[in-house]
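Overview (structure and organization)
Here is what each chain is made of, one letter per residue.
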Amino acid sequence: MIVSMARYVPQGCASLKDGKWDRTKFMGSELYGKTLAIVGLGRIGREVAKRMQSFGMTTIGHDPLVTPLESKAFGVDWFTLDAIWPQADFITLHVPLIPQTKNLVDASVLAKCRKGVRFVNVARGGIIDEDALYESLEAGHAGGLGVDVFIEEPPKDFKLIKHPKVVCTPHLGASTVEAQVKVAEEIANQFVDFVNGKPLHGAVNAPSLNAAMKEEMRPWAVLAQALGKIASNVGSTGSKQHLSVTVHKYGRIIENDCNLLLTAALIGLLEKKVPTGINLVNAPVLAAAAGIKTATKSAAEGEFATPSVHLEVVKDGESHVIAGGVAGNVPLLFSIDSAKFQGGIPLRGSALLFKSAANDKSLGSLIEAVSVFNISIVSASESSSVIGQPKWYLILVPNEVESADKINLSNATFVTQITF
C-alpha cells in the first residue's frame, strides 16, 4: 500500500489500460528519507517497521503497551500520539477497534498532520473517520490513503473509495493460499497450547496476556489486581488527571517484566470507573487516555522477608502504598501504608474493610458489632497500630453483603466491600 501510494502504481496501471500514456501525471516520491509513523507496535507493526526500514525510511511509533526502550530495540523511536502526527510523511495503523481507537484519526488529528501526509489502514474499519479524511483529501491537505478495511463491508458508500488519491482493496489482508494455511495451523496450535497451559502467542498488542498465561505468574497478577481494588478505596477518590500509579517489585518474582503487574493493578484500580469494561489489553490504553502516570520499579530486597509487590498510588498529592505477596498460589495482603498485617491476609472471596483511629477499637469488639447485622464471618484480621495513622480491619465473609455501606459502627468506619 505504501509503495503503491508513493508511486501511483494502481492509477498508472488503470491509465495505461485505458489507452493513455500519462507519465508526467503520475509523478511519485521516494520512500528513502521519509518518516513512517506506526501506530500499534505489536507483531504486525514490528514487521512493517523491519520491512520499511529496508527502504531507508525513518520509523517512529506509539503503543501504550510497548516501552521506548523496547521499541528502540527494533529500530522505532517511541513518541506520544500527539507528538507523532506532525512528524510523519506516512502513517500506518495497526491497532484493534475498541472504543478508544474508534475514529482515532479524526478532523482534529488530520489538522495536526503534515500537508501531504498519507495514511494506511489495513487493521480495522472505523479507526479512521472516513468523512473527515475525504474532506482532507478534497482540500489537498491529506495526500493519500491506502485502505483494505472499511466501516461497513462490503461498503455501500463509495465516495471515499472512488477518490483518485485512494488505493483500495476488498479486505485482502489474509487472502493468500499460504496465509490461510498458516492461520489454520496457528489456531489449532493455540488450542493445544491453551489446553496444556502454555502461553499464548500472537495476541494483538497484548504482551500482558502472554505473561498472564504463565501458570507461575497468575497468582501475582491476581495479587496486583487485588491490591488495586484496595488502593481504589483507600484515601481520597482523587481526580484521574492527578493520579499516578507505581508498581514496586521486590525479590525474585518469576516474570522479570513488571508490565503484567502494572496492568493487573490498573484493572483493580479502575474497574469501577470504567463501565464499558477493562482488561489486560485495554487497561494501559484507558489509563493513558485518562492522563494517569504509570511506572514500574524493581529491587532485589524489600522490607518483607519474602518477594512482594508494593502498589503506590498518589491521588492529588495524597500517597498510599498497599503491599502484598503470594504464598503457594494464594495472594496475601501484607500492609496498608505503615500498618502491617502479621503473617499476611489471604485475599479471596468477599471482604469488608474498616478503619478506625489507632487503638480506638479492638478486633473483638468490631466482630461483635458486625455480627449484630447478621453477617457471617469467615475470618477477621487487624493491622498493627501506627501513631497518627488509622488502624485497618479486614473481615472475610462467605458472600457479598447487601447494603454493606449502611453498616454504621461507633469508632470504626466502613470503607468498602471488595470481591477478590
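Whatever comes next refers back to the structure up there.
Residues numbered from 1 in each chain as written. Predicted model: local features only at pLDDT ≥ 70, side-chain atom pairs only at ≥ 80, totals over all residues. Heavy atoms only, no water.

1. Structural notes on empty space enclosed by the protein
As enumerated under the stated definition, the model contains two cavities of 30 Å³ or more in all. As for the largest cavity, its lining consists of N121, G125, G126, I128, E130, L145, V147, V149 and L160. The residue inventory of the lining of the largest cavity, partitioned by class, reads five nonpolar, three polar and one charged. When its volume is computed, the second largest cavity comes out at roughly 40 Å³. Taken together, M5, Y8, Q11, R118, G143, G144, K165 and V167 make up the lining of the second largest cavity. (1 Å grid on protein atoms, 1.4 Å probe; cavity = no way out; pocket = protein on both sides within 12 Å on 5 of 7 lines; lining within 4 Å. Points joined across faces, edges and corners; volume = space filled by probe spheres on them. Nonpolar A, V, L, I, M, F, W, Y, C, P; charged D, E, K, R; others polar.)

2. Some details on the pairing of strand β6 (residues 144-147)
Of the two faces of β6, both are covered, the one formed by G144 and G146 as well as the one formed by L145 and V147. Across four bridges, strand β5 (residues 118-121) lies against β6 in parallel orientation. Each residue of the ladder has a partner; that of N121, found in β6, is V147. In this fold, β5 hands off to helix α7 (residues 130-139), which returns the chain to β6; that crossover is right-handed. With three bridges connecting them, β6 and strand β7 (residues 166-168) associate as parallel partners. Note on β7: the bridge partner recorded for V147 is C168. (Buried < 20%, exposed > 50% of the residue type's maximum accessible area, 1.4 Å probe, protein only. Helix = DSSP H or I, 4+ residues; strand = E, 2+ residues; numbered from the N terminus. Pairing = 2+ DSSP bridges. Right-handed = clockwise from strand over helix to strand, strands pointing away.)

3. Topic: the packing of helix α10 (residues 218-231) against helix α11 (residues 259-270)
Where α10 contacts α11, the two axes come as close as 6 Å, and the packing angle between them is 40°. Taken together, the axis directions place α10 and α11 in an arrangement best described as oblique. As for the relative orientation of α10 and α11, their crossing is right-handed in sense. In this structure, α10 contributes W220, A221, A224, Q225, G228, K229 and A231 to the contact, and α11 contributes L260, L261, A264, A265, I267, G268 and L269. For the contact of α10 with α11, a count of residues per class yields ten nonpolar, three polar and one charged. (Axes fitted to C-alpha atoms, helices over the stretch in contact; angles between N-to-C directions. Parallel < 35°, antiparallel > 145°, perpendicular 65-115°, else oblique. Left-handed = near helix turned anticlockwise from the far one by under 90°. Contact = heavy atoms within 4.5 Å.)

4. A few points about the pairing of strand β13 (residues 339-346)
Bridge count for strand β12 (residues 330-336) against β13 is four bridges, and the pairing is antiparallel. For S335, the partnering residue across the bridge sits in β13 and is K340. In this antiparallel pair of consecutive strands, β12 and β13, the connection spans two residues, and D337 shows a positive phi of 55°.

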